[in-house]
Number of protein chains: 4
Amino acid sequence: KEKPVLFSGPCAVESFDICMEIGSTVKKEAEKNGFSYVFKASFDKANRTSSGSFRGIGMDKSLEVLQRVGKELGVPLVTDIHESYQAAEVAEVADVLQIPAFLCRQTDLLLAAGKTGKAIKIKRGQFMAPEDMQYAVDKVRSTGNENVCLTERGFSLGYHNLVVDMRSLPTMRQFAPVVFDITHSVQQPGGQGGSSGGQREFAPFLARAAAATGVDGFFIETHPEPAKALSDGPNMIPLNRMPDFLQMLKECWEMGRKYAAFKIE
Amino acid sequence: KEKPVLFSGPCAVESFDICMEIGSTVKKEAEKNGFSYVFKASFDKANRTSSGSFRGIGMDKSLEVLQRVGKELGVPLVTDIHESYQAAEVAEVADVLQIPAFLCRQTDLLLAAGKTGKAIKIKRGQFMAPEDMQYAVDKVRSTGNENVCLTERGFSLGYHNLVVDMRSLPTMRQFAPVVFDITHSVQQPGGQGGSSGGQREFAPFLARAAAATGVDGFFIETHPEPAKALSDGPNMIPLNRMPDFLQMLKECWEMGRKYAAFKIE
Amino acid sequence: KEKPVLFSGPCAVESFDICMEIGSTVKKEAEKNGFSYVFKASFDKANRTSSGSFRGIGMDKSLEVLQRVGKELGVPLVTDIHESYQAAEVAEVADVLQIPAFLCRQTDLLLAAGKTGKAIKIKRGQFMAPEDMQYAVDKVRSTGNENVCLTERGFSLGYHNLVVDMRSLPTMRQFAPVVFDITHSVQQPGGQGGSSGGQREFAPFLARAAAATGVDGFFIETHPEPAKALSDGPNMIPLNRMPDFLQMLKECWEMGRKYAAFKIE
Amino acid sequence: KEKPVLFSGPCAVESFDICMEIGSTVKKEAEKNGFSYVFKASFDKANRTSSGSFRGIGMDKSLEVLQRVGKELGVPLVTDIHESYQAAEVAEVADVLQIPAFLCRQTDLLLAAGKTGKAIKIKRGQFMAPEDMQYAVDKVRSTGNENVCLTERGFSLGYHNLVVDMRSLPTMRQFAPVVFDITHSVQQPGGQGGSSGGQREFAPFLARAAAATGVDGFFIETHPEPAKALSDGPNMIPLNRMPDFLQMLKECWEMGRKYAAFKIE
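This structure is a prediction, so every number in the text was calculated from the model and none was measured. (Residues numbered from 1 in each chain as written. Chains lettered and ligands numbered in written order. Predicted model: local features only at pLDDT ≥ 70, side-chain atom pairs only at ≥ 80, totals over all residues. Heavy atoms only, no water.)

Moving on: the overall build of chain A. If you tally the helices and strands in chain A, you get eight helices and 13 strands. For a compact globule of 265 residues, the expected C-alpha radius of gyration is about 18 Å, and chain A comes in at 17 Å, within 12% of that figure. The dimensions of chain A, computed from C-alpha atoms along their principal axes, are 50 × 40 × 40 Å. Here chain A holds 265 residues, and the buried ones make up 70% of them. Contacts spanning at least 24 positions in sequence make up 70% of the contacts within chain A whose residues lie at least 6 apart. Taking the average place of the 31 positive charges on the side chains of chain A and the average place of its 32 negative ones, the gap between the two points comes to 3 Å. (Helix = DSSP H or I, 4+ residues; strand = E, 2+ residues; numbered from the N terminus. Rg over C-alpha atoms; globule rule 2.2 N^0.38 Å. Buried < 20%, exposed > 50% of the residue type's maximum accessible area, 1.4 Å probe, protein only. Contact = heavy atoms within 4.5 Å. Lys, Arg positive; Asp, Glu negative; His and termini not counted. Charge placed at Lys NZ, Arg CZ, Asp CG, Glu CD.)

This is the structure:
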């Protein structure tokens, strides 16, 4: 039976303990609600608004932590890469390589990712028309790797604001599976001086909307104490809300799936 | 038990017969699916892109047809007004006065509408931030008329394109009930030379998204032969698809309602 | 010899004295710098964000003041109309009827304005693609009135923000003369709670840009004490800066005119 | 005496001969009109919409050609880098390293570029608020390299369209010199199936607008036969129009400079 995929974890690999706390909680709830779970954490926050912000505990140390987390939890891992030289090394640890939104047109990065043979998850650029993501998918597929999905996370609606155009979901599903990124869709780029802000209060609304529209999976960053998370705190879902959140999400996803074949021409 | 409102009918009062054909079909399906039905038709298409387009069969004749349709079907009526002098006259026939999106800041029109004591339905301007619709509501309420609702129909995302920002639904529901306009949300302003185009194929997706997000009602234009409709054909739902459409819509609306109190802070 | 037109005055007809103070100063400077001057003031602020804001001293009284100002200064007058019934009455006083941006698609208003035989100045809607303004012009021309010009005042770039797309100037000049509205182009719609804000500091930059791009005239609201102006204060040019401003503007306009025929194909 | 900088050349290093043809012509005209000339060509088109498009003749060969062109013409060179490993190698040939717009938030790339000690030219992302470019500049400066400038090339105005917000020029000049990119500002991203389109016909208008607004330099791609250029053809200036174009540009730039200190507060 088909299941939605859930990519979830903290934003960054803050420490082994925090990764395990988050991963074990989310894994349990994902299973209970019928999601296929993939643990997510970034080994490097490579495009922070300002260079004064936390970037991570280092690539080697982060990958080591990720690998331990994956083994202990028995779940696949997703993490993002930023330059093509990272693809092969990260692919030794991660099962899914994520291409950041700003980088979705970097041909070398897409090719290097594709060549690893791992699953590739490309985020839609905040500046890309939905139909143009076809070309990003094609770049990966040109390496012989057919295992590629897209992620919706909002388009620039003026300065310091993103809008999720729900039309992008069916448009992009014409050429690849689509994941809805609940966390970054409520981000406010650069909206807080030297860092990005967020509107976590809109997350349940956009999550229901995307699920009912129809998607193949979800991406959610979560933390036991979002206010203390080292990045993306303002748009994260608190860990203790994940059980209810996932239950709601699954129910709405079933609705979207039920009507997937409903077409008006 | 609370029911969602359904505002639906042809775009314009083309003729008594077509109004009755549409109205009787939609009424039956609305009742079957638990919607509160309000028949909609415009007596004048006052802001067509180009002056060569069909505007209507005249205000007096249209209002007369509307009144007969309302009486025969036993349903309330909604129609839009464009200048303040029309408010009192139209209020003798219509139960709900609709303020067009371009006119949502025209103080005289809002006040004249409010003073009729009828229910007032204000469409969000394609240029208005959701929270600024508070002021339009306040203008109507300043007349002592508390019976006012808002309608979402998309915001300008560049030229010839509208995007529905689902965040606008919970934002506007903080100060008034909100109707989702399925038909105009998939309009492409001026996108076809001298008239507006549309993307009817996205209607079911946006409809499910808005319903699951949470709204108080829906607006749908429908026609037995959209290609022959005298306006808005490209974004209308064909009449023979309304039964299935309404069933899907109601189910998604129940979902939005079930989770209406789900908040993340 | 061809001259640029300058539409300028206070935002609203606050009083005869203030109109004369502003009009006489601007007239002198306009003449000195080679502009064709048209005195501007609104008799009604019909679309204020909030109904608590100042709307004017009344239509009759305002028109009377306007007429006296025009006579005393010996200059033509421009003022805006909001509903079609106002066209004929206002045309007895004003030489140019201005159609507000939100109303640029209201067919009745455009036709009523056109039928007066006066010059018609249509502001581009914040939601209209530049090329679609052709249809607004055509509506006026359908009355036999060829004396119509357009005005650029910014397009919605997300919420609470407008952007001037300088490409709109040559695009719209293909079918009508174009005026650049320096004051409303730096408006921030609804950006200050219940009223619109403004960024007067950008006015000289956008003014130079539009003048060098090439336009047929300018629109500037000015006031001896912008902070005390009854509307649009934050985006007005202080009256004592008008002499320098107009000199700069004329020089840049000459530049735009010099290169008007410079085309790349 | 202060001179505007002109970054100009073909889009890509197509061949030594074409680079010399373009470079020698532009150099002569730049000198005649009082620009400081920097030859531009990309060694790799790393973010083409589609992977089927021309990417270049290879990094090593391109850098060798660039170096010969610089030496023969006696002019400095600018070229862009896409991943941090390229910074040091490219810095051996180029005098200015350009950071592509999509990459303007990649911390590693900015730091690697800054550490070379070369001049760094950062293009504003199509998704970045002008004031947020401060952080990109600060990242470069954190390496001790103060020689950094910014480039304006348009912001996403909906899908397949960019708008130049002239307000960004004075905003960004508060923290770094600003170059106006005439060629990419008239690009239409992804607007032609698998490649980007362009509107070269708007180039002279936007060029005059930006020059009169006030900038420190210009970026222009040119080619003897734009229709045969291996990328960006639709938005290039034909080489035989450069003499007139540069003369116009310089005159408008003088205007912007004359009024640089004109402020309204």
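What follows picks up the thread again.
To continue, consider the packing of aromatic side chains. Aromatic ring pairs are reported here in terms of the distance separating the ring centres and the angle at which the planes meet. Using the criterion set out here, one finds 22 aromatic pairs over all chains in the structure. Their ring planes at 75 degrees and their centres at 6.3 Å tell us that Phe35(C) and Phe218(C) sit as a pair that is edge-to-face. Pair noted here: Phe35(C) is in the loop between helix H1 (16–32) and strand E2 (36–40) and Phe218(C) is in strand E12 (residues 217–223), with a separation of 183 residues, a long-range link. Residue Phe35(C) is classed as buried on the basis of its relative accessible area, which comes to 2%. Here the guanidinium or amino end of Arg241(B) rests over the ring plane of Phe262(A), the centre of that ring lying 5.0 Å away. (Phe/Tyr/Trp six-rings, centres within 6.5 Å; stacked < 30°, edge-to-face > 60°. Lys NZ or Arg CZ within 6 Å of the ring centre and 35° of its normal.)

The partner chain D presents 41 residues to the 41 residues of chain A that form the contact. When the two sides are added together, the surface that chain A and chain D hide from each other amounts to roughly 3500 Å², 49% of it contributed by carbon and sulfur. If you sort the residues of chain A by the area they bury against chain D, Glu83(A), Arg105(A) and Tyr159(A) come out on top, with a joint share of 20%. Linking chain A to chain D there are two salt bridges. Residue Asp108(D) is joined to Arg55(A) by a salt bridge in which the shortest nitrogen-to-oxygen separation is 2.8 Å. Sort the elements by how many residues they give to the side of chain A that touches chain D and helix H4 (residues 107–115) of chain A lands first, with three residues. Looking at the side of chain A that touches chain D residue by residue, the classes come out as 13 nonpolar, 16 polar and twelve charged. (Buried area = accessible area lost by both parts, 1.4 Å probe. Salt bridge = Lys/Arg side-chain N within 4 Å of Asp/Glu carboxyl O. Nonpolar A, V, L, I, M, F, W, Y, C, P; charged D, E, K, R; others polar.)

Here we take up the nonpolar core. Residues Ile122(A), Ile122(B), Ile122(C) and Ile122(D) are the most contacted members of the largest nonpolar core, which totals 324 residues. Sequence-distant contacts of Ile122(A), that is, excluding residues within four places in its chain, are made with Ile99(A), Cys104(A), Leu110(A), Met133(A), Ala136(A), Val137(A), Val140(A), Val148(A), Cys149(A), Leu150(A) and Thr151(A). (Core = buried A, V, L, I, M, F, W, Y, C linked by side-chain atoms within 4.5 Å.)

So, about the interface of chain B and chain D. Contact residues are listed per partner, giving four residues for chain B and four residues for chain D. Carbon and sulfur atoms supply 68% of the area that chain B and chain D bury against each other, a total of about 320 Å² over both sides. Of all residues in chain B, Leu157(B), Gly158(B) and Tyr159(B) bury the most surface against chain D, accounting for 84% of the area lost on that side. Between chain B and chain D we count zero salt bridges in total. Here chain B is connected to chain D by zero residue pairs in polar contact (both at pLDDT 80 or more). (Polar contact = N/O pair within 3.5 Å; in protein donor to acceptor, adjacent residues only side chain to side chain.)

What the rule picks out here adds up to 60 salt bridges over all chains. Close ionic contact of Glu254(A) with Arg257(A) constitutes a salt bridge, the shortest N to O distance being 3.7 Å. With Glu254(A) and Arg257(A) both in helix H8 (residues 242–258), this residue pair falls three residues apart, about one helical turn. On the basis of relative accessibility, which here comes to 28%, the residue Glu254(A) falls in the partly exposed class. When its relative accessible area of 31% is taken as the criterion, Arg257(A) is described as partly exposed. Arg55(C) is the partner of Asp44(C) in a salt bridge, and the nearest nitrogen-oxygen pair spans 2.7 Å. With Asp44(C) in the loop between E2 and helix H2 (59–73) and Arg55(C) in the loop between E2 and H2, this residue pair connects regions lying eleven residues apart in the sequence. Salt bridges sharing common partners tie together Glu2(A), Lys250(A), Glu254(A) and Arg257(A).

Here we take up the relation of the copies chain A and chain D. The transform that puts chain A on chain D rotates by 180 degrees and translates by 0.0 Å along the axis, for an RMSD of 0.0 Å. Look at the turn and shift together and you get a two-fold axis relating the two. Interface residue correspondence from chain A to chain D reaches 100%, placing this contact among same-surface, isologous pairings. (Least-squares fit on C-alpha atoms with pLDDT ≥ 70 in both.)

Moving on to the pairing of E2(C). Along any regular strand, the residues point their side chains to alternate faces of the sheet. Residues and elements named next belong to chain C. With four of its five residues buried, E2 lies for the most part within the structure. Bridge count between strand E1 (residues 5–9) and E2: four bridges; the pairing is parallel. Directly across from leucine 6, in E2, lies its bridge partner tyrosine 37. Once the chain exits E1 it traverses H1 before rejoining the sheet at E2, and the crossover so formed is right-handed. Inspection of the sheet shows E2 paired to strand E3 (residues 77–80) by two bridges, in the parallel sense. Of the residues in E3, the one forming a bridge with lysine 40 is valine 78. (Pairing = 2+ DSSP bridges. Right-handed = clockwise from strand over helix to strand, strands pointing away.)

The subject of this paragraph is the relation of the copies chain B and chain D. Mapping chain B onto chain D leaves a residual RMSD of 0.0 Å; the transformation is a rotation of 180 degrees accompanied by 0.0 Å of translation along its axis. By residue overlap, the copies meet face to face through one surface: 100% of the interface positions of chain B are interface positions in chain D.

It is the contact of H8(A) with helix H8 (residues 242–258) of chain B, at a shortest axis distance of 11 Å, that shows an interaxial angle of 170 degrees. Here H8(B) runs roughly antiparallel to H8(A), going by the angle between their axes. Here Glu251(A), Cys252(A), Met255(A) and Lys258(A) of H8(A) come into contact with H8(B), specifically with Glu251(B), Cys252(B), Met255(B) and Lys258(B). Counted by class, the contact of H8(A) with H8(B) contains four nonpolar, no polar and four charged residues. (Axes fitted to C-alpha atoms, helices over the stretch in contact; angles between N-to-C directions. Parallel < 35°, antiparallel > 145°, perpendicular 65-115°, else oblique.)

Turning next to empty space enclosed by the protein. Per the counting criterion, the structure on display carries five cavities of 30 Å³ or more. Roughly 120 Å³ of internal volume is contained in the largest cavity. Contributing to the lining of the largest cavity are 15 residues, with His82(A), Glu83(A), His82(D), Glu83(D) and Leu103(D) lying nearest its centre. Counting residues per element, the ones that place at least two in the lining of the largest cavity are H4 of chain A together with helix H4 (107–115) of chain D. At three residues, the largest contribution of residues to the lining of the largest cavity is made by H4(A). Volume-wise, the second largest cavity comes out at about 90 Å³. In terms of lining, the second largest cavity is formed by His82(B), Glu83(B), Leu103(B), Gln106(B), Thr107(B), Asp108(B), Leu109(B), Ala46(C), His82(C), Glu83(C), Leu103(C) and Gln106(C). Of the residues assigned to the lining of the second largest cavity, the class counts are four nonpolar, five polar and three charged. (1 Å grid on protein atoms, 1.4 Å probe; cavity = no way out; pocket = protein on both sides within 12 Å on 5 of 7 lines; lining within 4 Å. Points joined across faces, edges and corners; volume = space filled by probe spheres on them.)

Before going further, it helps to examine the side chain of Ser62(A). Residue and element names in this part refer to chain A. Within the fold, serine 62 resides in helix H2 (residues 59–73). Looking at serine 62, its side chain comes within polar contact range of the main-chain oxygen of phenylalanine 43, at 3.5 Å. Other than its neighbours up to four places away in sequence, serine 62 contacts Val13, Phe43 and Ile57.

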